[in-house]
Amino acid sequence: MLSIITRYIVILFLSLYLIFSLLNRIGKNSESEPRSFVTWMSIASHSGHETENFQHSISLLPTSDPNNTSVGSAFFTSFIITSLYLLLIWLIVTLLNTLLIRSPRVVTSVATLINNTLELLSGLHVLVYGLILYIIFGVDVNSLVIMLVIGVGSNIYFDLSSEQRLFLDAILEKDYVLNARATGDSVLKHIFRPVGVFTIAQLLGSWPTVLTNAIFIEIIFQRYGIGSLLYQNIFAPGRKDMLPEVDILMYVSGIVIVSILLVSLLKEFFMLRLRNDR
């Protein structure tokens with residue numbers, strides 16, 4: 001486990017350094033002195049950066065300053081949305097797979113139809129769904145539709161459903177499960193731990209993709225979060241005479257990379273636990 005943690009720490013610093021190297025000169029005045037990565041990190045740790053165009057302060061946490069740009073607040077919103085939508089899609093996947101395993105034929109047929117439809121829809125990228133909805137409805141799209149687009153698009157639903165179904169089929173054929181059925185013992189008692197560990201690992205593995213989906217949707221529909229923050233400060237129309245807010249992009253890149261690596265590290269931990277349980 002120590003080697004895995006070391007690997008992720010090295011990946012983190014290399015990623016941040018490479019991104020900083022690429023962004024360091026983008027949008028800066030020719031008169032500005034290039035900054036070192038260490039200098040940038042030192043200034044960032046004291047919330048000393050300002051936006052290029054309006055000299056608004058940039059910070060990770062919200063402040064009382066009305067002109068402050070809080071990257072952490074936007075990320076926290078995207079984090080909550082991502083986690084909530086992923087959990088809701090997982091509940092739908094679990095319900096349908098449960099109905100597919102043990103249900104009357106009519107219920108199984110309906111569950112199969114719904115599941116196959118969602119898996120088919122899952123093959124399209126979230127950008128395709130977002131642009132179609134934007135063309136038809138503009139920015140006024142129901143939150144439930146947004147949830148389905150974020151949680152289904154880019155193969156999220158298909159991956160969750162197929163992986164969970166394969167795992168359940170495999171674990172229900174284990175010798176200790178078959179023995180529990182034969183003796184009248186509770187099957188749930190025997191599969192609760194491995195299923196729980198697998199579920200956590202699966203959710204953690206899907207989280208980065210769902211976060212990416214959420215960022216795309218926030219950009220398209222201007223929902224508050226990391227996506228809209230990037231759009232408003234870097235890609236917004238009518239800003240050809242202004243410099244791109246590179247420091248905000250660096251903040252956003254850093255916090256997204258850190259969060260994805262932390263989630264991936266947690267997934268590695270639970271996958272190790274799952275392999276040990278087997």
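Residues numbered from 1 in each chain as written. Predicted model: local features only at pLDDT ≥ 70, side-chain atom pairs only at ≥ 80, totals over all residues. Heavy atoms only, no water.

1. Remarks on the overall build of the protein chain
Right, on to step 1. Helix and strand counts for the protein chain stand at eleven helices and two strands.
Right, on to step 2. In the protein chain, the succession of α and β elements from N to C terminus is α-α-β-β-α-α-α-α-α-α-α-α-α.
Right, on to step 3. Considering the protein chain as a whole, with its 278 residues, one finds that 41% of them fall into the buried category.
Right, on to step 4. Across the protein chain, every contact between residues at least 6 apart in sequence was considered, and the portion connecting residues at least 24 apart equals 68%. (Helix = DSSP H or I, 4+ residues; strand = E, 2+ residues; numbered from the N terminus. Buried < 20%, exposed > 50% of the residue type's maximum accessible area, 1.4 Å probe, protein only. Contact = heavy atoms within 4.5 Å.)

2. Some points on the side chain of glutamine 164
Right, on to step 1. Turning to its location among the elements, glutamine 164 is positioned in helix 7 (residues 156-171).
Right, on to step 2. Glutamine 164 gets classed as buried once you look at its relative accessible area, which sits at 4%.
Right, on to step 3. In this structure glutamine 164 touches Trp90, Val93, Thr94, Asn97, Phe198 and Gln202, once residues within four positions along its chain are discounted.

3. Section: the pattern of salt bridges
Right, on to step 1. Using the criterion set out here, one finds two salt bridges in the structure.
Right, on to step 2. The closest approach of N and O atoms between arginine 165 and glutamate 119, which form a salt bridge, is 3.1 Å. Taken as a pair, arginine 165 in helix 7 and glutamate 119 in helix 4 (residues 105-121) lie far apart in primary sequence, 46 residues in all.
Right, on to step 3. Looking at arginine 165, the relative accessible area reads 25%, which means it is partly exposed.
Right, on to step 4. Among the residues examined, glutamate 119 registers a relative accessible area of 14% and is labelled buried. (Salt bridge = Lys/Arg side-chain N within 4 Å of Asp/Glu carboxyl O.)

4. Some words on a nonpolar patch on the surface
Right, on to step 1. Nonpolar side chains collect at one region of the surface, where Leu124, Val128, Ile132, Tyr134, Ile135, Ile136, Phe137 and Val139 lie side by side and expose about 760 Å² of accessible area between them.
Right, on to step 2. On the accessibility criterion, valine 139 (39% relative accessible area) is partly exposed. (Patch = residues over 30% accessible without salt bridge, like charges linked within 9 Å, V, L, I, M, F, W, Y side chains within 5 Å. Areas by Shrake-Rupley, 256 points an atom, 1.4 Å probe, with all protein chains shown as cover.)

5. Looking at the packing of helix 5 (residues 126-137) against helix 9 (residues 187-221)
Right, on to step 1. Running from N to C, helix 5 and helix 9 cross one another at 20°; their axes reach a closest spacing of 10 Å. On the basis of their axis angle, the class for helix 5 and helix 9 is roughly parallel. As for the relative orientation of helix 5 and helix 9, their crossing is right-handed in sense. The segment helix 5 lies against helix 9, with Val126, Leu127, Gly130, Leu131, Leu133 and Tyr134 engaging Asn213, Phe216, Ile217, Ile220 and Phe221.
Right, on to step 2. Class assignment of the residues belonging to the contact of helix 5 with helix 9 gives a composition of nine nonpolar, two polar and no charged. (Axes fitted to C-alpha atoms, helices over the stretch in contact; angles between N-to-C directions. Parallel < 35°, antiparallel > 145°, perpendicular 65-115°, else oblique. Left-handed = near helix turned anticlockwise from the far one by under 90°. Nonpolar A, V, L, I, M, F, W, Y, C, P; charged D, E, K, R; others polar.)

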